[in-house]
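A structural walkthrough
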Amino acid sequence: MGEDDKVSFEKELLDWKEKNKNQARELKETLNKLKVTTEQYNEANDNKLKVQSKVKELSREMRNKDEEMDDYRHKMDTLKSDKRKGEKTLGELQNQLDEAKS
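The structure contained in this document is the topic of the report that follows. (Residues numbered from 1 in each chain as written. Predicted model: local features only at pLDDT ≥ 70, side-chain atom pairs only at ≥ 80, totals over all residues. Heavy atoms only, no water.)

A separate point is the overall build of the protein chain. Per the secondary structure count, the protein chain includes one helix and zero strands. Against the globule reference of 13 Å for 102 residues, the protein chain gives a C-alpha radius of gyration of 43 Å, more extended than a compact globule. The dimensions of the protein chain, computed from C-alpha atoms along their principal axes, are 145 × 10 × 10 Å. Looking at the protein chain residue by residue over its 102 residues, the buried ones come to 0%. Counting every atom, the protein chain has about 10,000 Å² of accessible surface; 55% of that belongs to carbon and sulfur. Between the centroid of the 24 positive side chains of the protein chain and the centroid of its 25 negative side chains there is a distance of 3 Å. (Helix = DSSP H or I, 4+ residues; strand = E, 2+ residues; numbered from the N terminus. Rg over C-alpha atoms; globule rule 2.2 N^0.38 Å. Buried < 20%, exposed > 50% of the residue type's maximum accessible area, 1.4 Å probe, protein only. Areas by Shrake-Rupley, 256 points an atom, 1.4 Å probe, with all protein chains shown as cover. Lys, Arg positive; Asp, Glu negative; His and termini not counted. Charge placed at Lys NZ, Arg CZ, Asp CG, Glu CD.)

So, in C-alpha cells, the structure goes:
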C-alpha cells in the first residue's frame, strides 16, 4: 500500500466518519421532532376525545330536556282540556241555576 493510497484511504475514512456523524445528528433531530409531534398528536387526540364526550353528554342532556318539554306540553294540553270541560260544566250548572230560579 503506497503513501498516496494510505492518505486517500484516511481521507475517505474521515469523510465517512463525518457523514456518519452528520447522519447521526440528523437522526437525533428527527427523533426529537417525532417525539414532539407525537406528544402534540396525543394532546390533540385527548382534546378531541374530551370534546366528543362533551358532545355526547350535551346530546343526551338535550334529549332529556326535549322529553321533559314533551311531558310539559302533554300536561298543559290536559290542563287546557280539563279547563274547557270545567268551563262547560260551570256553564251548564249556571244554566240549571238560572232555570231553577225562574
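Attention now moves to a nonpolar patch on the surface. Together, Leu27, Leu31 and Leu34 make up a nonpolar patch on the protein surface, roughly 300 Å² of accessible area in all. Tracing the sequence through the fold places Leu27 in helix 1 (residues 3-101). (Patch = residues over 30% accessible without salt bridge, like charges linked within 9 Å, V, L, I, M, F, W, Y side chains within 5 Å. Salt bridge = Lys/Arg side-chain N within 4 Å of Asp/Glu carboxyl O.)

Under the defined criterion, the tally for this structure stands at six salt bridges. Between Lys11 and Asp15 there is a salt bridge, and its shortest N-O distance comes to 3.4 Å. With Lys11 and Asp15 both in helix 1, this residue pair falls four residues apart, about one helical turn. Given a relative accessible area of 41%, Asp15 falls into the partly exposed group. Of the charged contacts, one joins Lys83 and Glu87 as a salt bridge, the two residues approaching to 3.8 Å between their closest N and O atoms. Of this pair, Lys83 and Glu87 both sit in helix 1, four residues apart, roughly one helical turn.

Among the surface-exposed residues, Glu3, Asp4, Asp5 and Glu10 lie close enough to one another that they form a single negatively charged patch. Its place among the elements puts Asp4 in helix 1.

What follows concerns the environment of Thr38. Locating Thr38 in the fold gives a position in helix 1. Accessibility expressed as a relative area gives 36% for Thr38, which makes it partly exposed. As a C-alpha pair, Thr38 and Thr89 span 51 residues in sequence and 76 Å in three-dimensional space. A polar contact of 2.7 Å, which involves the side chain of Thr38, links it to the backbone oxygen of Leu34. (Polar contact = N/O pair within 3.5 Å; in protein donor to acceptor, adjacent residues only side chain to side chain.)

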